[in-house]
Amino acid sequence: MSKRTPVTVLTGFLGAGKTTLMNRVLNEQHGQRIAVIENEFGEIGIDHELVINADEEIFEMNNGCICCTVRGDLIRIMGSLMKRKDQFDHILVETTGLADPGPVVQTFFVDDDMKEKLAVNAVVTLVDAKHIWEHIDDADEAKEQIAFADVILLNKCDLVSPADLDRLEARIKAMNGVAKIHRTINAEVEISKILEVGGFNLEHAIGVDPKFLEPEYPFEWGGNFQLPAGSAELVATQNPDPSMKLVFLPVSSGTEEDLAKAREQAVRIFSSLEVTEAAPGVAVNCDAQLHELMLTEGEMRWPLTVPETGYYAAFTEHYPEELDLKVIVSGSEVLAAPAAAYKPDHEHDEEVTSVGIEESADCDGQKLNAWLSALLRDKGTDIFRMKGVFSVRGNPNRTVFQGVHMLLDAQDGGPWGSRTRKNSLVFIGRNLDREELNSSFRKCLA
Amino acid sequence: MFGVGKEPAEEEIISLVSASKHFPEQWTVEMDDYPLDLRWSADGLWLAALPSHGRILVLDEDGNILASLPGHEGGNGAISWHPRRAALATYGQDATVRIYEMPPQDPAAAFPFSKDHSGPPSPSPSLVIPLEKGWAERVTWNADGSLIAASSGRTVFVMNAATGAIEHRLSEHKSTVCDIAWNPRSPRELTSVCDGGARLWRVGETKPFGHFDWGGASLIVTWSPDGRWVVTGDQTPSVHLYDVRRKHPLHIQGYEFKVKTLAWEGNGEWLASGGSASITVWPCTGKKGPEGAKPIQLFGHLKEVLALDFTRGDSVLVSGGRDGLLLLWMPHRSTDPALITRRASEITTLRWSPDSSSLAFATADGDLTLCRISKK
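Remember, it's a predicted structure, so these values are computed and weren't measured experimentally.

### A look at the overall build of chain A
Here is step 1: A count of helical and extended segments in chain A gives 12 helices and 25 strands.
Here is step 2: The buried share of chain A, reckoned over its 446 residues, is 56%.
Here is step 3: Surface accessibility of chain A: about 18,400 Å² in total, with carbon and sulfur atoms responsible for 48%.

### Here we look at the sheet that holds strand 16 (residues 189–194) of chain B
All names here are of chain B.
Here is step 1: Strand order across the open sheet formed by 4 strands is 15-16-17-18, with antiparallel pairing between neighbours. Two strands in the sheet have a free side with no partner beyond their single neighbour: strand 15 (179–182) and strand 18 (210–212). Put simply, the sheet's adjacent strands are angled 15 degrees from each other on average, direction ignored.
Here is step 2: Summarising the sheet, strand 17 (residues 197–202) and strand 18 pair through 3 bridges and their orientation is antiparallel. Among the inter-strand pairings, arginine 199 is bridged to a residue of strand 18, identified as histidine 211.

### Observations regarding the interface of chain A and chain B
Here is step 1: The interface is formed by 20 residues belonging to chain A together with 33 residues belonging to chain B.
Here is step 2: Surface buried jointly by chain A and chain B totals about 2,100 Å² across both partners, of which 47% is contributed by carbon and sulfur atoms.
Here is step 3: Run the count over chain A and chain B and you get 6 salt bridges.
Here is step 4: A salt bridge links aspartate 113 of chain A to lysine 258 of chain B; the nearest nitrogen and oxygen atoms lie 3.5 Å apart.
Here is step 5: Between chain A and chain B we count 13 residue pairs in polar contact (both at pLDDT 80 or more) in total.
Here is step 6: Elements that contribute at least two residues to the side of chain A that touches chain B include exactly strand 4 (58–59), helix 2 (72–82) and helix 4 (112–117) of chain A.
Here is step 7: Taken together, the residues that form the side of chain A that touches chain B break down as 6 nonpolar, 2 polar and 12 charged.

### Here's the deal with the environment of threonine 353 of chain A
Here is step 1: On the secondary structure map, threonine 353 of chain A appears in strand 21 (residues 352–359).
Here is step 2: By relative accessible area, which is 4% here, threonine 353 of chain A ends up buried.

### A closer look at the confidence of the model for chain B
Residues and elements named next belong to chain B.
Here is step 1: For chain B, the average pLDDT comes to 90, and 91% of its residues sit at 70 or higher.
Here is step 2: Under a pLDDT of 50 for its full length, residues 1–7 has, in the predicted model, 23 contacts with residues more than four places off or in other chains.
Here is step 3: Below pLDDT 50 for its whole length, residues 107–114 participates in 7 contacts with residues either more than four positions away or in separate chains.
Here is step 4: Interface predicted TM-score (ipTM) for the complex: 0.84; the corresponding pTM is 0.76.

### A few points about the packing of aromatic side chains
Residues and elements named next belong to chain A.
Here is step 1: Overall, the coordinates contain 11 aromatic pairs over all chains when judged by the stated rule.
Here is step 2: For the ring pair phenylalanine 219 and phenylalanine 315, a centre distance of 4.9 Å and an interplane angle of 50 degrees mean the geometry is tilted. Taken together, the residues phenylalanine 219 in the loop between helix 8 (202–208) and strand 10 (221–227) and phenylalanine 315 in strand 17 (residues 310–316) connect sequence positions 96 residues apart. Both residues of the pair, phenylalanine 219 and phenylalanine 315, count as buried.
Here is step 3: Between tryptophan 371 and phenylalanine 427, the aromatic rings sit 6.1 Å apart at their centres with planes inclined by 85 degrees, giving edge-to-face as the arrangement. Remark: phenylalanine 427 occurs in strand 25 (residues 423–430) and tryptophan 371 occurs in helix 11 (residues 365–379); sequence separation between them is 56 residues.
Here is step 4: Accessibility expressed as a relative area gives 11% for tryptophan 371, which makes it buried.
Here is step 5: Take phenylalanine 427: its relative accessible area is 0%, and that puts it in the buried class.
Here is step 6: Grouped by ring-pair contacts, the aromatic residues Trp371, Phe390, Phe401, Phe427 and Phe441 constitute a single cluster.
Here is step 7: The aromatic ring of phenylalanine 88 is capped on one face by arginine 33, whose charged end is 4.5 Å from the ring centroid.

### Digging into the sheet that holds strand 14 (residues 166–170) of chain B
Residue and element names in this part refer to chain B.
Here is step 1: Reading across from one edge, 11-12-13-14 is the order of the 4 strands in this open sheet, with antiparallel pairing throughout. Each edge of the open sheet is held by one strand with a lone partner, namely strand 11 (136–141) and strand 14. The average angle at which neighbouring strand axes cross in this sheet is 15 degrees, direction not considered.
Here is step 2: Bridging between strand 12 (residues 147–152) and strand 13 (residues 155–160) involves 6 bridges; their strand directions are antiparallel. Residue pairing across strands places alanine 149 opposite valine 158, the latter belonging to strand 13.

### Observations regarding the packing of helix 2 of chain A against helix 3 (residues 101–110) of chain A
Residues and elements named next belong to chain A.
Here is step 1: At their nearest, the axes of helix 2 and helix 3 sit 9 Å apart, and the two run at 50 degrees to each other. On the basis of the axis angle, helix 2 is oblique to helix 3. You can see that helix 2 and helix 3 cross each other, and the crossing is right-handed. Contacts between helix 2 and helix 3 involve Leu74, Ile75 and Met78 from the first element and Val104, Thr107 and Phe108 from the second.
Here is step 2: Residue composition of the contact of helix 2 with helix 3, by class: 5 nonpolar, 1 polar and no charged.

### Brief notes about the environment of valine 17 of chain B
Residue and element names in this part refer to chain B.
Here is step 1: Checked against the element boundaries, valine 17 lands in strand 1 (residues 17–18).
Here is step 2: On the basis of relative accessible area, valine 17 is assigned to the exposed category, the value being 57%.
Here is step 3: Along the primary structure valine 17 and proline 337 are separated by 320 residues, whereas in three dimensions their C-alpha atoms are 7.4 Å apart.
Here is step 4: Non-local contacts of valine 17, meaning those with residues more than four positions away in its chain, are made with Pro337, Ala338 and Leu339.

The rules we used
Residues numbered from 1 in each chain as written. Chains lettered and ligands numbered in written order. Predicted model: local features only at pLDDT ≥ 70, side-chain atom pairs only at ≥ 80, totals over all residues. Heavy atoms only, no water. Helix = DSSP H or I, 4+ residues; strand = E, 2+ residues; numbered from the N terminus. Buried < 20%, exposed > 50% of the residue type's maximum accessible area, 1.4 Å probe, protein only. Areas by Shrake-Rupley, 256 points an atom, 1.4 Å probe, with all protein chains shown as cover. Pairing = 2+ DSSP bridges. Axes fitted to C-alpha atoms, helices over the stretch in contact; angles between N-to-C directions. Contact = heavy atoms within 4.5 Å. Buried area = accessible area lost by both parts, 1.4 Å probe. Salt bridge = Lys/Arg side-chain N within 4 Å of Asp/Glu carboxyl O. Polar contact = N/O pair within 3.5 Å; in protein donor to acceptor, adjacent residues only side chain to side chain. Nonpolar A, V, L, I, M, F, W, Y, C, P; charged D, E, K, R; others polar. pLDDT = per-residue confidence, 0-100. Phe/Tyr/Trp six-rings, centres within 6.5 Å; stacked < 30°, edge-to-face > 60°. Lys NZ or Arg CZ within 6 Å of the ring centre and 35° of its normal. Parallel < 35°, antiparallel > 145°, perpendicular 65-115°, else oblique. Left-handed = near helix turned anticlockwise from the far one by under 90°.

Okay, structure coming up:
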């Protein structure tokens, strides 16, 4: 099983930039022999690589299980590619914009020949940073393409403001906390970031996204303002929702530590039932009380009462940019520093989310097997992907799992070495119950 | 489940009865690429060897290369001999069927031939039939040699073998056709398989006369020599047998892998199937065939069985596997195998000569070897 050829699956809605990226991969001097299977745009003639045009065909399974559904066209073409003496270093599979990535990825887990000779290195999803908002709430394909991704390229970043990009990135991270996100223009990205992902990058993902295992927050944004005593003003011009909650609370300095401390206080304030409604014109006090700004058409202004000169941390239910909300003092905008985006807890009831679990105690191998089997059997349809590094009692090596729906692939992850033994796992899917997943996993601990 | 029974350990392989002295290797020829298929001409004089890419070789029993036919651009698909004379059809991803008459009349093809196939003759085809572009999986000659069928994408084309004229297009397949096979007892009946099971066609009719859609994809298909059974190997690890007269489907599950090889004993009474490291041999006689019958299971391979073939006369089975083992079986006498050889790479295809005097087999690294059976 050691010499499995790595496969990168490229997904993304039509127009997201897949062809641009593919051409870049094909034309760049990376020294690898790459076979490209492409679905959408006809054949591309490249001398030293092979491009095969494939009609998308699903092989249905007679048990009716979507989790076992595979792509017949891929099996046929990959089978043909594997029957060559001169093997490829890498295979890149482009899916159509509307393709469900499930059957594509499952093909490499389910089909005997594919399992034997190929391994999914990464699912790379291109996201059109400007137009994704048109699909992200409605199109299952868009959500699933994001949910299945190991790497997400936020492409066409030049067409979107930095604030909107932050908002998009936070939304995507709420759906898939594991994926590595790169911001690109014209799909310009180092090829190694696409081809050398190494399949299983949980540790890497946790490393680059410390928020991943954090709890979710009742607010999306927080920032620290230095304000003079007296009267300032809040001004907004957009009303995407009828109202938005916010709180201003005094902090001792403008440091990140103070913002983090204030964040915990803000969580408690947001969870309280005392909310002061503030129609435009009604004063908002910087007194650690929760206010609900009532949004109307046109420009809205709220007097902001500042009891004394100092630092005030603000936490807002949505990104201030969504309302074009500004703090004005003496006619000038005051910018927040530092500021932070938070993973919101209010966007995902029926949506795609990630749940991460981390436990330091060893787990019992038998209990773990039983738990995973039962979980994937019962919830496999809703779990798009699952990844985990387990510390199993009695095993000196790491145990590495990755799964797609009900299918699991377990590998020996090599010695722990200097790393601390612990269990890290993540689920990406729909209707995930964080508490239930955590508590049921804890029962597997030895 | 088949194949989850006794799996032999490495030392058991070493202790297998060796049959190698009865199968002296006569010659080995290197093919251009991964061997897909080996086919003997009806008279047993010529062996055609099909690699996945590159030249298609036609050899005699001594390993002389009679012809080195150009490969099909984009990859080779399939080969088929005329049922009675030495005419070979080749087909590939360039969507053309080519027919070659053997031995070639080309003066350059004069004997003696060289084993170095860089220089052997490359005769011109007697007929080239262009088809619509689509995935090219199979070409096959019918039982009386009058028609050739080839699958291209979701369509099966039936051509006049003498003129190349396309006489029929058989469509309504819901996905790319994975395999086709003619009824050996009826030159006008064939079956095709794809996602959506098997269809039985009678040439000249636009609709299939039989359609068995079991809700999944079938990958290979074969008719029993007596024309009674159509059998498929499936993507979901299983085998379907259809009793064509009774239109009665039988679904056999329990295989470990998708079933990629099936072989009939010469008179059609027994069917050997791969789909795991063991071989399962089903009785296909009586009113019900395998229904309710106990199969013979043959354990000996370490990994998946990839190729099977029975001799025509005396029910000797040869199997080749992903483990590189080439094993000999006489399933009606014993379930113990004899080891013919073990190769470093997987055995992808094998074929007995029509008179069972020679066995040709090929490995994934491109080596084609012929063993002649010692009479001693």
